[in-house]
Amino acid sequence: VGFFFSLISFLSFLFFFFFFPDISLAEDANSVANQLYSIFPFFQDIQVMLVVGLGLLLTFLPRYGLSVLTHNFLLLNFSMQWALLLQGLVHHVHHGQVHLGLRNILTAEFAAVTVLISTGAILGRTSPCQLLVMAACEIPIYFASEWAIITHLGVLDVGGTITIHVFSCYFGLGVSKALFRAAQQPVHPKETPTPRSDLMSLIGTLILWVFWPSFVAVLCQPGDAQHRAILNTLLAMSASAVTTVVASSLMDRDGKLSPGHLQNGSLAGGVAIGTVADMAMPPVAAVALGSLSAMMCLLGFKFLTPFLLRKLVLQDQCGIHNLHGLPGILGAAASAVAILVAPDDTAGYHLSPTGGNALCQVLGLAVAAGGSLLAGLLTGAALQAPCLAPPPQRLCFDDSLY
Amino acid sequence: VGFFFSLISFLSFLFFFFFFPDISLAEDANSVANQLYSIFPFFQDIQVMLVVGLGLLLTFLPRYGLSVLTHNFLLLNFSMQWALLLQGLVHHVHHGQVHLGLRNILTAEFAAVTVLISTGAILGRTSPCQLLVMAACEIPIYFASEWAIITHLGVLDVGGTITIHVFSCYFGLGVSKALFRAAQQPVHPKETPTPRSDLMSLIGTLILWVFWPSFVAVLCQPGDAQHRAILNTLLAMSASAVTTVVASSLMDRDGKLSPGHLQNGSLAGGVAIGTVADMAMPPVAAVALGSLSAMMCLLGFKFLTPFLLRKLVLQDQCGIHNLHGLPGILGAAASAVAILVAPDDTAGYHLSPTGGNALCQVLGLAVAAGGSLLAGLLTGAALQAPCLAPPPQRLCFDDSLY
Amino acid sequence: VGFFFSLISFLSFLFFFFFFPDISLAEDANSVANQLYSIFPFFQDIQVMLVVGLGLLLTFLPRYGLSVLTHNFLLLNFSMQWALLLQGLVHHVHHGQVHLGLRNILTAEFAAVTVLISTGAILGRTSPCQLLVMAACEIPIYFASEWAIITHLGVLDVGGTITIHVFSCYFGLGVSKALFRAAQQPVHPKETPTPRSDLMSLIGTLILWVFWPSFVAVLCQPGDAQHRAILNTLLAMSASAVTTVVASSLMDRDGKLSPGHLQNGSLAGGVAIGTVADMAMPPVAAVALGSLSAMMCLLGFKFLTPFLLRKLVLQDQCGIHNLHGLPGILGAAASAVAILVAPDDTAGYHLSPTGGNALCQVLGLAVAAGGSLLAGLLTGAALQAPCLAPPPQRLCFDDSLY
C-alpha cells in the first residue's frame, strides 16, 4: 500500500511538472480581479459544502464519524488532484501548454463530487484503499461521460443534475452491486444512528442546504441567468424542506418525523432543479419541482430501498438512489418538458435552434445512467482484489482506523 | 393536521402562480451581475446565521436538539414563503404583476426572523402546529408594523433593531403570557443544559456573532454607509463580547462565567447597534453602546427574568427579552440621542429635514412594542385551541417527535 | 482582577475617544463600495476561521471545550481592540488624526492571531488573567517585530508565515519555558482526547482548511497576485492533506491514522506557502512545498516534541512548534530559494532591484524567531506573578471556570 501511494505521488509530481508549467497570467489585472471576485465567494461556499457539510452529513453512523470525515477529506483532495492532472493531460495533447486557473480547480472539484457521492453507496464496508482505487477509476469515466453528454449531445445541465448526480448515483450502485454480489449483508449493530450522530448529520444537511444555490449557480453566465439560477434553487429547496417535514410526518403512523428523511429530502429539490435552474420559468414551477422531488425522495426511502435490497440484493448505505438518482431523473424529465413548452424567444439564447433538445435531455439521462452503471459494475469487480484489504465484518462502521 | 397542510400547500401554489408570473429580467446583464455580487455574499451569510447559527444556539436543551433544529428550519422556510406570498399579493393589488428578485427573498427572510425570535419565548412547550399557526399570524402583523414604523413614521432603523428585534420580542412575550396564562410552569427536569449542549449552543452563538455585520449592513446604501455599518457593528459586538465575559465573572460570587450569559450577552451589542449603525459617529460611541447593551442583557438575566416570572408569571424560555427586548430599547434610545446631537450636515443625507425624528424614533419603539404585545396576546389566546395538539407536560423538551 | 478589568476598559474608552475621532469617509462612494466588496468576503472568511475554526480545533481536550472556546473568543476580541488602540496611537503621533477602516481592523485581527497561536503552547494550565496579560505584552512586540521585518528588512511575506506563524510559535514556546521552568508537568488525566472531542477538533481543522486561502490572499495586490496566491495555497493545502493521511498511516506500525496528525498536518501546507504564495512559480512547487511541510509537521510530532519535552523540559500542549514553527522555517527557506532562482523579469515587480533579498528573508526569519523567543521568556517570567491566579493542578484542563 505504501509503495502504491509513493508511486502515485511521484507520478503526480511528474505530471504537474509537465502539464502545468505556469499559473495563468492575464494581461489585464483589473479583469482578473473582477472575475476572481465573481467566482471566489461561490468557490468558497462549495468548499464548505464538500469538506464540512458533506462530511458532517455522513457522520450519521455513530462510531464512524472520524473515519467518514477523513475519508471524505482524503477522497476530495485525491480526486481533485487527479482530475486536475487529467485535465492538464487532455489540454496538453490538444492545445499545448496550459495555464492553471481557479476555473480549472472548480471543474476538478466537480469531478471529485461524483466520487464523494458514489462513496455513499458503499460507506462503512470498504477500506481507504478500495475507495482510492474507485476514485482513480471514476474520474476519467466522469470526464468521458461529461464530454459525451454536454459537448456531444448538447444537453442543458447547468447544475450538474445529469452529469454529476445521476452519473455518480448509478456508478455507486454499480460498484455496490459488483462488490457485495448477492451476499445479503446482515444489519450491522453499529449501523443504527444515535440522536447525537443524527444531530451532527442534520447540521451537515443544513450547511449543504444553505450553500446549494452557490453550487448550482457558479458556472452560469453572470447576470440574469445566474440570478435566475439562485432564485429558482432557493425556491425549490425551500419547498423541498417544507414538503419533507410535512410528508415525513404524514407517512409515519405516529406522526413522527424521521431524521433520515429530513437529512435527505430537504436537499432533493436542489438536485432536481439543476437542469432547469437558469431557464426563465414561473416561480411556481420551481416550487412544484422542489416539492415533487422531496416527495419522490421520501417514497424512495419508504418503498424503493427496501424493495431493491430484497429483490436485487442491492446495498445502498446512505440512500444515494433516493437523494441523487430519483430527483435527478425527475430533473431531467422536467428539463425536457421545459424545453418543449418554452416559447422560442425567451429561452432562446441558450438553446440551439434545432429544437431537438428535449430528446437530447432524455438521451443524456440514458447515457449518464447506463454508462455509469456499467462502469460501476466493472469498477466494483476490480475492487474485490484482495490486495486492497477490505475491512473484516466486525470492523465495519468502526473508527478502528484510528 | 394533514388536511390543514395540504390546504396550505395548495393555496401556496395558487398564490405563487398568480402573483409571481416571472422572475425579474433586467435589460442590462452587467448591472444585474454587479447587484448580485454585492448582495449575494451578504445573503449567504444571513442564511448561515438563521439556519445553522440560530438553530445551534437553541440546542442548549440537551434532549431537544433535533426538534429545535427541525422547528427552526421548518418555520424559517414556511414563514419565508408565506411572507413572499403576502408581498406578492400587496404588490399585485397596487402595481400589477411583480417580478421576483433576491431582494424580495431577503425581505421575506427578515420577516421570517421575527417568527424565529418569538419562538424563543415558548420553546419546548409547544407543538409544531402551534408554531406554524403563530408564524401565519405574525408575518402579516410584522408587515403592518414595519409599514407603520418605517414608511409612515420615517423611523431610521437600518439593522431592524426596532422593527425586527423589539417587535418579535414583545410578540413572543405576549404569546407566552396568553398561552400559559397564570399557570406557573414547574421547572422541567429536561430543561437544564449539559456541558455538551452548552458547547453546541456556544458554537451557534459564535456563528451568529461572526456574521452579524452582514445582517446589519445588507440593506444599507452601498458605499460609505455600508462600510460604516460594518465597522460600527464589529466594534459594538467586540465590546459586547469582552464586557460579557468580564461582567459575568464579576457578577458571580465564585467568579464563574455562566454559559447562558455568554451565549446571549455577546450578541446584545449587535441588536442595539442596528438603529444607528450607518450613521457617522465616533467609534467610541459604538464601543460604549456595545458594552452597555451587554451589561443590560446580563442584568436582565440576573434580575429581570426571575422578577417577571415571579410577579407576572411570564415564561421566557430563552430569555429573548434580555437579548432582543432590552438592547432593542437601548438602541432606539441611542438613535434618538444620536439624531439630537448630530450636526445637520454629516448625517443629513439620511434624515428628513423636519428635525422631528428623535421623537419619531421613540414613537416607533412604542408602536413596535405595544402593537406586538397586543397582537401576541391575541395570537397566544388562539394557540390554546385544542386542535393544535400542545404536547403533554412529560413530553416537553423532548425529541419524542422522532 | 475586577479592578484591573475596569481600569483597562476605562483606558480603552479614553484611547478610542482620542485616537479614532472618525470612521473613514471617502469622497467617492463607488470606489469605497468596490473596495468593500473585494475585501469583506475575505474578512468574513477569516473571522469564521478565527472564531469558529480555531476555537473548535482547540476543543480536543474533552472536558475543556467551553473554556477553550471562551478563552479563544475573549483573547481575540481583547487583542483586536488593543491592537487597534496601538495602531491609533502610533498613527496619531506620526500623522495626526486617523480614520478607521476595515483594513485597520484586519491588521489588528492579524495581530490577534499571534496571541491565539501562542496560547496553544500553554493551553489548559493557565488562568484567563495570565492569558490576557500575555496578550497585552505580545501585541506591541508583534508590531515592533513586524515593522522590523517587513518595513525595515523588506522581507516578502504576504501570508504572514514569518511575521505571524514563526513569531507567535517561538513567543509561545518562550512563555511556556519561562512559566513552567524545569518542572516536568505530569501527564494530566484530562489531557487525553476522546473520539468525540477529536471529532469536534477535526471539524475545526476542516473549517480552517477551507478558508485558509482567504487568510493568505487577503492582503495581496488585487488581480493576478491575489489569484496566484489563492491557487498556490489551494494546491499546497491539498497536497498537505493527502500527504498527511498517507504519511501518518505509514508511520504507525498498525497503519492507524492519528487524529492529532490529521488535525495539524493538513494545515501545515498553508503555513509554509505564505511567504511565496503570490510569486509566479510552477504549480508543482506549491504541491511539493505543501507535501514537504506536512511531512515535517508529522516528523516533528513523532520525534521533536518528545525530544524537546525530555531534553529541554519544554511544554508544547498543542504542538504549535510542529504546525507553525517547522513549516514556517521551511516557508522562509523556500522563499529565499524562490528569490534566488527567479528570473529577474517575472517576479520583478515585487522585488526590490538590489537582489539581496534572499539574505533578507533568512535574516527576517532569525529576527522573528530570536526576538520572539527572548520576548516570550520575559513575558513568561512576568506571568508567574501570583496575583494572576494560575489554576491549581487538579483544575487544569477542566471547565471548572463555569
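This section reports on the structure supplied with the text.

Cut-off values and rules
Residues numbered from 1 in each chain as written. Chains lettered and ligands numbered in written order. Predicted model: local features only at pLDDT ≥ 70, side-chain atom pairs only at ≥ 80, totals over all residues. Heavy atoms only, no water. Helix = DSSP H or I, 4+ residues; strand = E, 2+ residues; numbered from the N terminus. Buried < 20%, exposed > 50% of the residue type's maximum accessible area, 1.4 Å probe, protein only. Contact = heavy atoms within 4.5 Å. Buried area = accessible area lost by both parts, 1.4 Å probe. Salt bridge = Lys/Arg side-chain N within 4 Å of Asp/Glu carboxyl O. Polar contact = N/O pair within 3.5 Å; in protein donor to acceptor, adjacent residues only side chain to side chain. Nonpolar A, V, L, I, M, F, W, Y, C, P; charged D, E, K, R; others polar. Core = buried A, V, L, I, M, F, W, Y, C linked by side-chain atoms within 4.5 Å. Phe/Tyr/Trp six-rings, centres within 6.5 Å; stacked < 30°, edge-to-face > 60°. Least-squares fit on C-alpha atoms with pLDDT ≥ 70 in both. Bend = angle between axes of the 7 residues up to and from the residue. Disulfide = S-S within 2.5 Å.

Along chain A, the regular secondary structure elements total twelve helices and two strands. Starting at the N terminus and ending at the C terminus, chain A contains elements arranged as α-β-α-α-β-α-α-α-α-α-α-α-α-α. Here chain A holds 402 residues, and the buried ones make up 64% of them. Restricting the contact set of chain A to residue pairs at least 6 apart, pairs at least 24 apart contribute 83%.

It is worth spelling out the interface of chain B and chain C at this point. When the parts of a complex come together, some accessible area is lost, and that lost area is often taken as the interface size. In this complex, chain B contributes 47 residues to the contact, which on the side of chain C involves 45 residues. For the chain B and chain C pair, buried surface summed over both sides reaches about 4300 Å², with 79% attributable to carbon and sulfur atoms. At the junction of chain B and chain C, the tally comes to zero salt bridges. The interface formed by chain B and chain C holds five residue pairs in polar contact (both at pLDDT 80 or more) in total. At the level of secondary structure, the elements contributing two or more residues to the side of chain B that touches chain C comprise α2 (29-57), α7 (195-217), α8 (224-251), α9 (259-273) and α10 (283-311) of chain B. Ranked by residues supplied to the side of chain B that touches chain C, first place goes to α8(B) with 16 residues. In the side of chain B that touches chain C, the residues fall into 32 nonpolar, nine polar and six charged.

Of all hydrophobic cores here, the largest spans 342 residues; its most connected members are Leu102(A), Leu102(B) and Leu102(C). With sequence-adjacent residues up to four places away left out, Leu102(A) is seen in contact with Leu36(A), Ile39(A), Phe40(A), Phe43(A), His227(C), Ile230(C), Leu231(C) and Leu234(C).

Think of a pair of aromatic rings as described by two things: how far the centres are apart, and how the planes are tilted against each other in angle. Inspection of every chain in the model, using the stated rule, returns 21 aromatic pairs over all chains. Each ring, one from Phe42(B) and one from Phe40(C), has its centre 5.3 Å from the other, and the planes form 20°; the classification is stacked. Here Phe42(B), found in helix α2, pairs with Phe40(C), found in helix α2 (residues 29-57), and the two come from separate chains. Among the residues examined, Phe40(C) registers a relative accessible area of 4% and is labelled buried.

Note on the identical chains: chain B maps onto chain C by a rotation of 120° and an axial translation of 0.0 Å, with an RMSD of 0.0 Å. In the structure described here, the two chain copies are related by an operation that fits a three-fold rotation axis. Taking C-alpha positions as the reference, the residue of chain B nearest the rotation axis is Pro41(B), at 4.0 Å. Looking at the interface residues of chain B, only 4% of them are also at the interface in chain C, so each copy uses its own face.

Another aspect to go through is the interface of chain A and chain C. In this assembly, 45 residues from chain A lie in contact with 47 residues from chain C. Summing the contributions of chain A and of chain C, the shared interface buries around 4300 Å²; its carbon and sulfur component is 79%. Taken together, chain A and chain C are joined by zero salt bridges. Here chain A and chain C share five residue pairs in polar contact (both at pLDDT 80 or more) between them.

What follows is about the side chain of Thr70(A). Residues and elements named next belong to chain A. For Thr70, the position within the fold is in helix α3 (residues 65-95). Note on Thr70: relative accessible area 2%, which makes it buried. Among the polar contacts listed, one links the side chain of Thr70 to the backbone oxygen of Leu66, at a separation of 2.6 Å.

This next bit is on helix α9 (residues 259-273) of chain A. When the local axis directions of α9(A) are compared, the greatest deviation, roughly 30°, occurs at Leu267(A). Counting buried residues along α9(A), 14 of its 15 residues qualify, which places the element largely inside the surrounding structure.

Glancing now at the relation of the copies chain A and chain C. Mapping chain A onto chain C calls for a rotation angle of 120° and an axial translation of 0.0 Å; the resulting RMSD is 0.0 Å. Take the interface residues of chain A: only 4% of them recur as interface residues in chain C, which is what a contact between different surfaces looks like.

Once that is clear, we can look at the state of the cysteines. Cysteine pairs can be linked by a disulfide, which is a covalent bond between their two sulfur atoms. Residues and elements named next belong to chain B. In the structure shown here, the tally under the stated rule is zero disulfides over all chains. Of all cysteine sulfurs, the one in Cys297 lies closest to Cys169, which takes part in no disulfide; the gap is 11 Å. Residue Cys169 is classed as buried on the basis of its relative accessible area, which comes to 0%. The class for Cys297 is buried, based on a relative accessible area of 0%.

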